[in-house]
Amino acid sequence: MADVAKLAGVSLGTVSHVLSNRTPVRQETRERVETAMAQLGYRPNRVAQALRRQRTHVVGMIVPDVANPFFSELLLGVESRLEPAGYAVVFGNSRESGSTQQRYVDRFLERQVDGLIVAMAGDTDPFDLQSLERRTPTVLVDRTVAGWSGDQVVGDDKRGMELAVQHLRQAGHTKVALINGDKVLSTARR
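An account of the accompanying structure is given in this report.

Rules of the game
Residues numbered from 1 in each chain as written. Predicted model: local features only at pLDDT ≥ 70, side-chain atom pairs only at ≥ 80, totals over all residues. Heavy atoms only, no water. Helix = DSSP H or I, 4+ residues; strand = E, 2+ residues; numbered from the N terminus. Contact = heavy atoms within 4.5 Å. Pairing = 2+ DSSP bridges. Phe/Tyr/Trp six-rings, centres within 6.5 Å; stacked < 30°, edge-to-face > 60°. Buried < 20%, exposed > 50% of the residue type's maximum accessible area, 1.4 Å probe, protein only.

Re the environment of T187
And then number 1: Structurally, T187 can be placed in helix α10 (residues 186-189).
And then number 2: Measuring from C-alpha to C-alpha, the distance between T187 and L140 comes to 13 Å, with 47 residues separating the pair along the chain.
And then number 3: Residues contacting T187, with those up to four places away along its chain left out, are D142, R143 and D157.

Below, the structure is given as structure tokens:
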């Protein structure tokens with residue numbers, strides 16, 4: 001930052017104001033600082049900023065199967081909303097394993113993510129989640145687990161099934177079969 005300030009002919013504080021974008025800086029001065037940053041190849045140290053601010057601007061997301069198009073689309077949707085807000089999304093693929101999921105949770109917490117978004121593995125132990133919400137903001141998506149009292153975003157599976165059957169009946173079908181997932185999953189049970 002000192003090299004940027006020297007090249008731009010401004011104070012270290014002005015460089016800091018340009019980087020934080022919280023204090024107004026004249027456009028001409030901002031452009032000089034940004035030009036100096038580009039010439040020097042300067043990039044802010046996000047780790048140092050995270051230590052100072054106690055925020056990483058990173059959200060951890062865990063899905064049970066990244067090859068499943070539903071979860072791939074979910075990841076893309078989350079990323080498309082968080083990236084413009086300045087957040088990076090890092091993800092883990094639990095492969096439907098509660099123990100792998102727990103390892104990702106632990107690793108994300110060790111790295112001080114600002115929050116977690118989790119689509120639960122089928123064999124998740126509810127005990128593993130009881131203290132999670134107190135440790136970091138957490139949202140469960142698609143799947144629920146017994147005893148979870150925190151935030152969750154789930155579909156209305158019952159209404160969705162009613163609409164699907166209604167559509168098939170209106171199309172003249174009288175025999176309807178359901179190919180369902182493992183009933184250990186809340187989505188399959190519902």
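Having put the structure on the table, let's press on.
Points about the pairing of strand β4 (residues 138-141)
Looking along a regular strand, one sees the side chains alternate between the two faces of the sheet.
And then number 1: Strand direction decides the pairing type here: strand β3 (residues 115-118) and β4, joined by 3 bridges, are parallel. Bridging across to β4, I117 finds its partner in V139.
And then number 2: Pairing between β4 and strand β5 (residues 151-153): 3 bridges, direction parallel. For L140, the partnering residue across the bridge sits in β5 and is Q152.

Observations concerning the packing of aromatic side chains
The geometry of an aromatic ring pair comes down to the distance between the two centres and the angle between the two planes.
And then number 1: According to the stated counting rule, one finds 2 aromatic pairs in the structure shown.
And then number 2: Geometrically, the ring pair formed by F70 and F71 is edge-to-face, given 5.1 Å between the ring centres and 80 degrees between the ring planes.
And then number 3: Owing to a relative accessible area of 44%, F70 belongs among the partly exposed residues under this scheme.
And then number 4: Of the residues examined, F71 reaches a relative accessible area of 3% and is grouped as buried.
And then number 5: Geometrically, the ring pair formed by Y104 and F108 is tilted, given 5.9 Å between the ring centres and 40 degrees between the ring planes. You can see Y104 and its partner F108 sitting in helix α6 (residues 98-110), 4 residues apart, about one turn around the helix.

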